[in-house]
Amino acid sequence: MWRPCWTRSANGDATAEAPPFDRQAFRARWLAPGAAITLLAAFLLLGQIGSSHLSNFDDCFYAQRAKEMLHGGDWITPHWNGEAQVDNPPFFMWLVALSFALFGITGAAAILPSALSGVGSVALTYRVAARLGLDRFGAWAAAFVLLTTGYFLKFSGHAMLDVLMAFLALAAIHFHLKALDTYPRWHLASGVCIGLAILTKSVVGVLPGLALLAHVVWTRGPRRLFNRWLLGGIGLAIAIGGWWFVYEWVARPEAFAQKWHWMLYERSFTIGNERLRWWKYFDYFVMFAREYWPWLPVAAVGAWMALRRAWGGDSGARLLVLWFVAVVVPLSLANEKKLWYVMAVFPCLALFAALALSSWIVSPDTRRRVMAGGFALLFAAAVVVDLLPIRFSVERRPDLQRMALAARTLVPVGQTVASYDISYYAVAPQFLFYSDRALARPAPSADEAKSQLARGSWALLKRESYGAIVGADSTAYPVAVASGGWALVHAGPRPEVTLEPKEPYR
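All values reported here derive from a predicted model rather than from experimental measurement.

Colleague: What is the right way to look at helix α3 (residues 91-103) in this model?
Modeller: Side chains of residues three or four places apart in an α-helix project in the same direction, reflecting 3.6 residues per turn. Its 13 residues place the ends of α3 18 Å apart at the C-alpha level, agreeing with the 18 Å of an ideal helix rising 1.5 Å per residue. In this fold, the buried residues of α3 make contact with α2 (59-72), α4 (107-132), α7 (162-181), α8 (186-201) and α18 (424-435). In the segment just after α3, G104 is the residue with positive phi, at about 95°.

Colleague: Help me understand unusual backbone geometry, please; the structure alone is not making it clear to me.
Modeller: The general pattern is negative phi for most residues beyond glycine and trans for most peptide bonds. The step from F57 to D58 runs through a cis peptide bond, and the omega angle for that step is 25°. With an omega of 10°, the peptide bond between W293 and P294 qualifies as cis. Looking at the element boundaries, P294 is found in the loop between α12 (283-291) and α13 (296-311). Within the chain, N81 stands out as a residue other than glycine whose phi angle is a positive 55°. For D436, which is not glycine, the phi dihedral falls at a positive 60°. Mapped onto the secondary structure, D436 falls in the loop between α18 and α19 (446-454). A relative accessible area of 34% places D436 in the partly exposed class.

Colleague: How should I be thinking about the pattern of salt bridges in this particular structure?
Modeller: Where charged atoms from two side chains of opposite charge come close, those side chains can pair. A complete count under the given rule lists eleven salt bridges for this structure. For D135, the salt bridge identified is with R367, shortest N-O distance 2.5 Å. Placement of the pair is D135 in the loop between α4 and α5 (136-147) and R367 in helix α16 (residues 364-387), with a sequence separation of 232 residues. Judged by relative accessible area, R367 falls into the buried class, the value being 14%. Between E448 and R455 there is a salt bridge; the shortest N-O distance is 3.6 Å. Among the charged side chains, a network of salt bridges with common partners joins K67, R408 and D436.

Colleague: Please clarify how the packing of aromatic side chains should be interpreted in this entry.
Modeller: The geometry of two aromatic rings is summed up by the distance between their centres and the angle between their planes. Within the structure shown, the criterion is met by 27 aromatic pairs. Here the aromatic rings of W244 and F245 are separated by 5.1 Å at their centres, their planes lie at 85°, and the arrangement is edge-to-face. Each member of the pair, W244 as well as F245, carries the same accessibility label: buried. A ring pair is formed by F433 and Y434, whose centres lie 4.9 Å apart and whose planes are at 85°; its orientation type is edge-to-face. The pair F433 / Y434 is uniform in exposure class, with both members buried. Three or more aromatic residues link up through ring pairs in this structure, and these residues are Y151, F155, F282, F285, F288, Y292, F324, W340, Y341, F346 and F352. The ring centre of W186 lies 3.8 Å from the NZ or CZ of K178, which sits over that ring. A cation over a ring is seen here: R185 above Y183, with NZ or CZ 4.5 Å from the ring centre.

Colleague: Honestly, α8 in this entry has me stumped. Any pointers?
Modeller: The end-to-end C-alpha distance of α8 is 23 Å, a good match for the 22 Å that 16 residues give at a rise of 1.5 Å each. Counting buried positions along α8 gives twelve out of 16 residues, so the element sits mostly inside the fold. Of all the residues in α8, the buried ones are H187, A189, S190, G191, C193, I194, G195, A197, I198, L199, T200 and K201. For α8, the secondary structure elements touched by its buried residues are α3, α7, α9 (203-220) and α10 (228-251).

Calculation notes
Along each chain, numbering runs from 1 in the same order as the chain's sequence is written. Under the rules for a predicted model, residues below a pLDDT of 70 receive no local features and side-chain atom pairs below 80 are neither given nor counted, while totals for whole chains, interfaces and linings still include all residues. To obtain the side-chain values, all non-hydrogen atoms of the structure were used and water was disregarded. Secondary structure elements follow DSSP: runs of H or I no shorter than four residues count as helices, runs of E no shorter than two count as strands, and numbering proceeds from the N terminus. Here the expected length of a helix is defined as 1.5 Å per residue gap, with one fewer gap than residues. Here, residues are in contact when the closest pair of their heavy atoms is within 4.5 Å. Note on classification: 1.4 Å probe, protein chains only; a residue is buried when its accessible area is under 20% of the maximum for its type, exposed when over 50%, partly exposed between these limits. Whenever Lys or Arg places a side-chain nitrogen within 4 Å of a carboxyl oxygen from Asp or Glu, that contact is recorded as a salt bridge. Between the rings of Phe, Tyr and Trp (Trp by its six-membered ring), a pair exists once the centres lie within 6.5 Å; its type follows the angle of the planes, with under 30 degrees stacked, over 60 edge-to-face, and the other angles tilted. Criterion for a charge above a ring: Arg CZ or Lys NZ at most 6 Å from the ring centre, at most 35 degrees from the ring normal.

Shown next, in the form of structure tokens:
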């Protein structure tokens, strides 16, 4: 059954209603299913990473920054195509760069931090469920729901910030509950996790911390905010999360101010629409309705149950409600919304679903059968993913991928590849990461592109633009390699090589 972690006594002091957390009992009764589902999560989330190349944006964008961090030696300011970037703090790029250093610069190494964060999120969801008062079946159900959520599985296979952000939020909540249940010094560990979340995703990383502070006030009263360990945790969060912003503001004040004005104001509130229609503020709920299947109805019932119990004084339910609200509501105010921006609430949704399932399935025999069936399903999925020759990843722009690999072979190291009539950021991240050759911004005219070719540059061109550039001089500027809608062009005699679009990527 779901139980409160604590209640308020008549004189306003906090009193424990449930027995204190028993570590030995937890290990004896809970470790086996928790370890088993974590192991299956590892097989599922790590089984096929690297089976396809990275997507152009955002995977290749972050992976290229990590690669330049590793090669360039600047581990504070991320760089992309040799230019300093101050829009994203560096923690995720540190992890990817470390993965590159250990395993080589590959797509699998770029995804590894996200995949491991996904495995860790499943394990922590199980542990957080126990601390919130769910029994063993409820904790297993929460981990199972998260591991069988398609959207979570998908982004655990991307080299992006969001699953790491979810893991850090879960870790902060886990230590927060330990601090309230056992020793207040765990507030320090919670603060470290919030600081790393800020160092991963800037302002979004603050939101789980706000939920935790609100939870303290709602359940322990405002006086708890002055607890020395909690204040220490807040200080650690500010120090760990804030030093990078101070550094970049001092080192690059103009660039930093422009970028963060764009990030925090223009991108959030002016791009696309100067003012949102009122119904657009509910877009995240529309996205959940479209993407969060098959668990949407179960999680919705669980959310309603948690809301009612929060109103009735249930501390665990209050934390879940605050967790969801603190992340989704502020991000709903922004014009630009992507469902992966709120990945930090996917474990919360899994806990909502587990609350409903625990209330519906009460028979011990039925619970055992459900758990056995769930483990069997996960084991079968792991066999399919890891042992059978079935690839679930989708090739993303394979023709552009071939151009990048051809450029890596043909274009001399250090030479910039010219371009013309392309959407630069729709092409450059993937080309840059896989070719290791810089891609120049598009030439302003066909004559300028031809002039660059005449000076000995290589050029990445759309096939439809090739004739407009070279005109009658196709023999002087032959296509060296072509695939799909792309051509790699260079002055001088070159044999034309055409790569078939259906050829598998190696």
